[in-house]
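Commentary on secondary and tertiary structure
Chain by chain, the residues run as shown.
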Amino acid sequence: MTDTPAQPARLNIGSHDLPVSAELSRFMAGRWAPSPLPDSVRVPGYEVTPGRRARLSARFPGERLIVPSGELKVRSNDCDHRFRPHSAYAWLTGLTGEDQVGHVLVLEPSGPHGHEAVLYLRPRSARADGTEEFYRDRRYGEFWVGRRPDLAEAERLTGIRCAHLDTLGTPAGRDASTDAELATALSELRLVKDAWEVGQLQLAVDHTAAGFEDVVRALPRALAHPRGERWIEGVFGLRARAEGNGTGYDTIAASGAHACVLHWIRNDGRLNQGDLLLLDAGVETDTLYTADITRTLPLSGRFSPVQRQVYELVLAAQEAGIAALRPGASFRDFHRAGMRVIAEGLAEWGVLKNAEGDLHRRYTLCSSGHMLGLDVHDCAKARAGTYLDGVLEEGQVLTVEPGLYLQPDDETLPAELRGIGVRIEDDLVITSDGARLMSGALPRTVAGIEEWMGTLLEG
């Protein structure tokens, strides 16, 4: 005879929510003063979003188009990541807030060629009908995460017909989250920015320039801290949250040899007076347009001779790349122009035998720029023929960011060059006859940086 295995004790996990009595439920349902949104409120870009939807409609006559905002993602246990709606949804609706979780824009075929836009959303919870969501729901309740508009308010905000999310069901059609052709069209439609978008990007750039000034002023305290890179990250992050939605991507605050790691976001290193700091950071506006700027700064306030040597080669490459920007030029022309300068410089130093071929890529690693907009690497789903292998058009906004990453353990390099990483990145808008430097408020030359840093540190 064998013993019956003992059964594990059942755990009474329960809920962290306190039960609600019928009396409390009745009490919560009444005596709330009206609190409507102001009639004058409109989403930023209210005037331009109808034209965007019309352009998308023209691409897909007679087809239902579904553009979700996205869902919350769990960070840990019952904590979600901060929500940011999908860029295509924001571009088409003007809605950019954290209250857009789970909402869906549907373009319903209407007439022989057009569409009617319908926005399915979770409206403000009614309080008088016994609904407990407004004070009980930790994810969506008004008392937990803030006020949402009701359906009529949402229609005034957006100019789009609105319906309750619960009435959407599971519509058949092209879904931007799964349909590659629709996702591609939405990327390609955003390649050329309108004047309003350029203005938002310039605002992001201006706030970013202010954040770089904050960082320089904070260098004495950062140098004294054992995690000086994180001090830098925090200083810039304060500016980004104070002026906009936050940072447009994880800030890279890389000192010394960390600058040779392209996406160094650990930012846990100490700052040393004799090293360079590579700061790659961008403020994202409340409308979700982001800047993307990199400066490589001498932590002592002055470049050493070898730091200057590397920096000036990268700057010359960037100048060559910027000079190649104009409507009708191949998108890849500015990268090729910059890399020619880099390869020739490495050959002059004796690092390469000659400037031919692609061996310089050991020290440059990646491309020299990308489109910029709602995403830091904007329009990434566009076809190669319209983007990477296409030509530049007036109104496009992009970065030019050559770099040299001279790894600390690279035995092809003389000892004095090892462990130096330099990137210079600026944001530009293509104009009718060339390109306008949007980030020109931040100096780029050796002399300009040294003077700028000196003035800020003295102040």
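Residues numbered from 1 in each chain as written. Predicted model: local features only at pLDDT ≥ 70, side-chain atom pairs only at ≥ 80, totals over all residues. Heavy atoms only, no water.

**Some details on the overall build of the protein**
- Counting its regular elements, the protein contains 14 helices and 17 strands.
- When the backbone C-alpha atoms are referred to their principal axes, the protein occupies close to 80 × 70 × 65 Å.
- Out of the 459 residues belonging to the protein, those deemed buried represent 49%.
- By sequence separation, contacts in the protein at least 24 residues apart represent 71% of the contacts at least 6 residues apart. (Helix = DSSP H or I, 4+ residues; strand = E, 2+ residues; numbered from the N terminus. Buried < 20%, exposed > 50% of the residue type's maximum accessible area, 1.4 Å probe, protein only. Contact = heavy atoms within 4.5 Å.)

**Brief notes about the packing of helix 11 (residues 305-323) against helix 12 (residues 333-349)**
- Here helix 11 crosses helix 12 at 150°, and the two axes come no closer than 7 Å. The angle between helix 11 and helix 12 falls in the class roughly antiparallel. For the crossing formed where helix 11 meets helix 12, the hand is right-handed. Between helix 11 and helix 12, the residues in contact are Q309, V310, L313, V314, A316, A317, A320 and G321 and F334, A337, G338, V341, I342, G345, L346 and W349, respectively.
- Tallied by class, the residues present in the contact of helix 11 with helix 12 amount to 12 nonpolar, 4 polar and no charged. (Axes fitted to C-alpha atoms, helices over the stretch in contact; angles between N-to-C directions. Parallel < 35°, antiparallel > 145°, perpendicular 65-115°, else oblique. Left-handed = near helix turned anticlockwise from the far one by under 90°. Nonpolar A, V, L, I, M, F, W, Y, C, P; charged D, E, K, R; others polar.)

**Some remarks on the nonpolar core**
- L56, L105, I232 and L404 are the most contacted members of the largest nonpolar core, which has 87 residues in total.
- With 8 residues, the single largest contributor to this core is helix 8 (residues 195-217).
- Non-local contacts of I232, meaning those with residues more than four positions away in its chain, are made with V215, L219, A222, A253, L271, L277 and L279.
- By size, the runner-up hydrophobic cluster in this structure holds 17 residues, among which are L325, A382, Y387 and L392. (Core = buried A, V, L, I, M, F, W, Y, C linked by side-chain atoms within 4.5 Å.)

**Details of helix 10 (residues 228-243)**
- Across its 16 residues, helix 10 extends 23 Å between first and last C-alpha, which sits within 8% of the 22 Å expected from 1.5 Å per residue.
- Turning to helix 10, its buried residues number three or more, namely G228, E229, I232, V235, F236 and A240. Viewed end-on, helix 10 has its buried residues packed into an arc of 135°, placing them on one side of the element. Across helix 10 from its buried face, at more than 90 degrees, point the exposed residues L238 and A242.
- Tucked into the core, helix 10 has its buried residues touching helix 8, helix 9 (219-224), strand 8 (246-247), strand 9 (252-255), strand 10 (276-281) and strand 11 (283-284). (Expected span 1.5 Å × (residues − 1). Arc of directions from axis to C-beta.)

**Points about the sheet that holds strand 12 (residues 293-298)**
- Ordered in space as 9-10-12, the 3 strands form an open sheet in which the pairing is antiparallel. Of all strands in the sheet, those bounded by a partner on one side alone are strand 9 and strand 12. Adjacent strand axes in the sheet meet at a mean angle of 10° when their direction is disregarded.
- Judged from the 6 bridges that link them, strand 10 and strand 12 form a sheet pairing that is antiparallel. Residue pairing across strands places L278 opposite T296, the latter belonging to strand 12.
- Across the sheet, helix 10 touches strand 9 and strand 10, and the angle it forms with strand 9 is around 150°. (Pairing = 2+ DSSP bridges.)

**Digging into the pairing of strand 16 (residues 426-430)**
- Taking burial as the measure, the 5 residues of strand 16 include 5 buried ones, the bulk of the element.
- Residues D426, L428 and I430 of strand 16 are buried on one face, and the alternating residues D427 and V429, pointing to the opposite face, are buried as well.
- Sheet topology places strand 13 (residues 397-400) next to strand 16; 4 bridges connect them, and they run antiparallel. Considered in strand 16, the bridge of L398 is made with L428.
- Adjacent in sequence and paired antiparallel, strand 16 and strand 17 (residues 435-437) are bridged by 4 residues.

**Quick word on helix 11**
- With 19 residues, helix 11 should reach 27 Å at 1.5 Å per residue; the first-to-last C-alpha distance of 27 Å fits that figure.
- Along helix 11, the residues that are buried comprise Q307, V310, Y311, L313, V314, L315, A317, Q318, G321 and I322.

**Here's the deal with the packing of aromatic side chains**
- The tally for this structure, following the rule as stated, stands at 9 aromatic pairs.
- Measuring from centroid to centroid gives 5.6 Å for W32 and F143, while their planes differ by 70°, and the two rings are edge-to-face. Of this pair, W32 sits in the loop between helix 1 (22-28) and helix 2 (49-59) while F143 sits in helix 5 (residues 142-145), placing them 111 residues apart in sequence.
- Both rings, one in F134 and one in F143, keep their centres 5.3 Å apart while their planes meet at 85°; by these two values the pair is edge-to-face.
- Among the aromatic residues, those joined into a cluster by ring pairs are W32, F134, Y135 and F143.
- For R122, the ring lying beneath its charged end belongs to Y140, and the centroid distance is 3.7 Å.
- The ring of W32 has R127 sitting right over it, with the charged end atom 4.9 Å from the ring centre. (Phe/Tyr/Trp six-rings, centres within 6.5 Å; stacked < 30°, edge-to-face > 60°. Lys NZ or Arg CZ within 6 Å of the ring centre and 35° of its normal.)

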